[in-house]
Amino acid sequence: MKRFVTKQTVSLLLVTIVIIGSISFLLQPQEGVACTYDEGSLYSLTYADENGNCQTLEQYKAPVVVINAWASWCPFCVEELPDLALLADEFPEVPVIAINRGESSADAQDFLKTLTLSDKLHILFDPQDSFYRFIEGFGMPETVFVDEEGTVLFHKRGVMSLQEMRDTILLLTKRSQPNGSTKSRSLCLGGEGTCSI
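Since the structure is predicted, the reported quantities are computational estimates derived from the model, not experimental observations.

Chemist: Could you give me a rundown of the environment of Ala98, with the residues and numbers involved?
Modeler: With respect to the helices and strands, the residue Ala98 is situated in strand β4 (residues 96–101). Using a relative accessible area of 0% as the deciding quantity, one classes Ala98 as buried. Note: C-alpha distance between Ala98 and Phe125 (27 residues apart in sequence) is 8.5 Å.

What follows is the structure, encoded as structure tokens:
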């Protein structure tokens, strides 16, 4: 019996399969990719929600907005998520957003099923890690408090206690300084002499 399949035929078949598979992979939309990315404006950033719908940060605009970058592999981030959810319950007028960084939304959502979090905590997914780059993150977790113009009023690198989050919101809501003076655009949470506007 003669062999009709040669090594060249098998090689050609394998190359064809690889090419077709690669084209199919490249044509698929990447799961959870940031919907848009504009380096100029925080409120123009858009990320997928738990249903895969694009949500722009602009829809959360308020005098004070809390945005946290977290990941399931970061134990301090995981520790903070329930506190962020409590914060969202305690301050319904302050949008609290947790943006998952660098993980697929499917993996992040599977992880979130292990936690009990308030539905007032807005969770978005950023597998491309664009938000973290936008805020020039270098630690984990990182939390920014922004105003309605997208100006960062306070940037915390590292873990925040629930009480620290509460105190920061109260200070920012009143725009009052620790020394009692009022600023319209910024907040100084450091010691005396560290404020500069």
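Chemist: I'd like a rundown of the environment of Phe145, residues and numbers included.
Modeler: Residue placement: Phe145 occurs in strand β6 (residues 142–146). C-alpha of Phe145 to C-alpha of Val65: the two residues are 80 residues apart in sequence and 5.5 Å apart in space. For Phe145, the contacting residues outside a window of four places in its chain are Val64, Val65, Val66, Thr151, Val152, Leu153, Phe154, Met160, Met165, Thr168, Ile169 and Leu172.

Chemist: I'd love a proper account of the side chain of Glu80, names of residues and values included.
Modeler: Structurally, Glu80 is set in helix α2 (residues 75–90). There is no salt bridge for the buried Glu80, and the closest opposite charge comes from Lys156, which lies 7.6 Å off by N-O distance. Among residues more than four places away in sequence, those in contact with Glu80 are Asn68, Pro141, Thr143, Gly158, Val159, Met160 and Met165.

Chemist: So what's going on with helix α3 (residues 105–112)? Which residues, and what values?
Modeler: For the α-helix, the turn length of 3.6 residues means that residues three or four positions removed from each other point alike. Burial in α3 covers these residues: Ser105, Ala108, Phe111 and Leu112. One side of α3 carries all its buried residues, which in axial view fall inside an arc of 125°. Buried residues in α3 make contact with β3 (65–70), α2, β4 and β5 (122–126).

Chemist: Which residues make up the state of the cysteines, and what values do they have?
Modeler: Counting across every chain of the model gives 1 disulfide. Between the sulfur of Cys74 and that of Cys77 lies a disulfide, 2.3 Å long from S to S. In this structure the cystine formed by Cys74 and Cys77 twists about its S-S bond by roughly 80°; its chirality is therefore right-handed. According to the relative accessible area criterion, Cys74 is buried, its value standing at 4%. Residue classification places Cys77 among the buried residues on the basis of a relative accessible area of 0%.

Chemist: Which residues make up α2, and what values do they have?
Modeler: Compared with the 22 Å implied by 1.5 Å per residue over 16 residues, the 24 Å span of α2 between its first and last C-alpha is a close match. Bending of α2 peaks at approximately 25° at the position of Leu81, with proline Pro82 no more than four residues after it. Of the positions making up α2, those classed as buried are Cys77, Glu80, Leu81, Leu84, Ala85, Leu87 and Ala88. As for α2, its buried residues are in contact with β3, β4, α3, β6 and α5 (162–174).

Chemist: How would you sum up the environment of Glu90? Please name residues and give values.
Modeler: By the secondary structure assignment, Glu90 is in helix α2. Assessed through its relative accessible area of 38%, Glu90 is described here as partly exposed. When the C-alpha positions of Glu90 and Lys120 are compared, they lie 9.8 Å apart, and in sequence the two are 30 residues distant. Once residues lying within four places of it in the same chain are set aside, the contact partners of Glu90 are Leu162 and Arg166.

Chemist: So what's going on with the packing of α2 against α5? Residues and values would help.
Modeler: One can describe the packing of α2 onto α5 by two numbers: an axis separation of 9 Å at closest approach and a directional angle of 35°. With respect to the hand of their crossing, α2 and α5 are arranged in right-handed fashion. Only Leu162, Met165, Arg166 and Ile169 of α5 make contact with α2, whose side of the interface consists of Glu80, Asp83, Leu84, Leu86, Leu87 and Glu90. Considering only residue class, the contact of α2 with α5 consists of 6 nonpolar, no polar and 4 charged.

Thresholds, definitions, all that
Per chain, residue numbering runs from 1 following the sequence as it is written. Per-residue local features are limited, in this predicted model, to residues with pLDDT of at least 70; the limit for side-chain atom pairs, both in listing and counting, is 80 or more; totals at the level of whole chains, interfaces and linings are taken over all residues. Processing note: side-chain calculations cover all non-hydrogen atoms of the structure and skip hydrogens and water entirely. Secondary structure elements follow DSSP: runs of H or I of four or more residues count as helices, runs of E of two or more count as strands, with numbering from the N terminus. Three exposure classes are used, based on accessible area relative to the maximum for each residue type with a 1.4 Å probe and protein chains only: buried under 20%, partly exposed in between, and exposed over 50%. Any two residues whose heavy atoms approach within 4.5 Å are treated as being in contact. Within this scheme the basic residues Lys and Arg register as positive and the acidic residues Asp and Glu register as negative, but His and the chain ends are omitted. When a carboxyl oxygen of Asp or Glu lies within 4 Å of a side-chain nitrogen of Lys or Arg, that pair is called a salt bridge. Directions are taken from the helix axis to each C-beta atom, and the arc is the one they span. Cysteine sulfur atoms are paired as a disulfide whenever they come within 2.5 Å of each other. The span one expects for a helix is its residue count, reduced by one, times 1.5 Å. Note that the bend at a residue is defined as the angle between axes fitted to the seven residues ending at it and the seven residues starting at it. Inter-axis angles, ranging from 0 to 180 degrees, are taken between N-to-C directions of lines fitted to C-alpha atoms, where helices are fitted over the stretch in contact. Crossings are classed by handedness, with left-handed meaning an anticlockwise turn of the near helix from the far one by less than a right angle and right-handed meaning a clockwise turn. Amino acid classes used here: Ala, Val, Leu, Ile, Met, Phe, Trp, Tyr, Cys and Pro are nonpolar; Asp, Glu, Lys and Arg are charged; the rest, including Gly, are polar.

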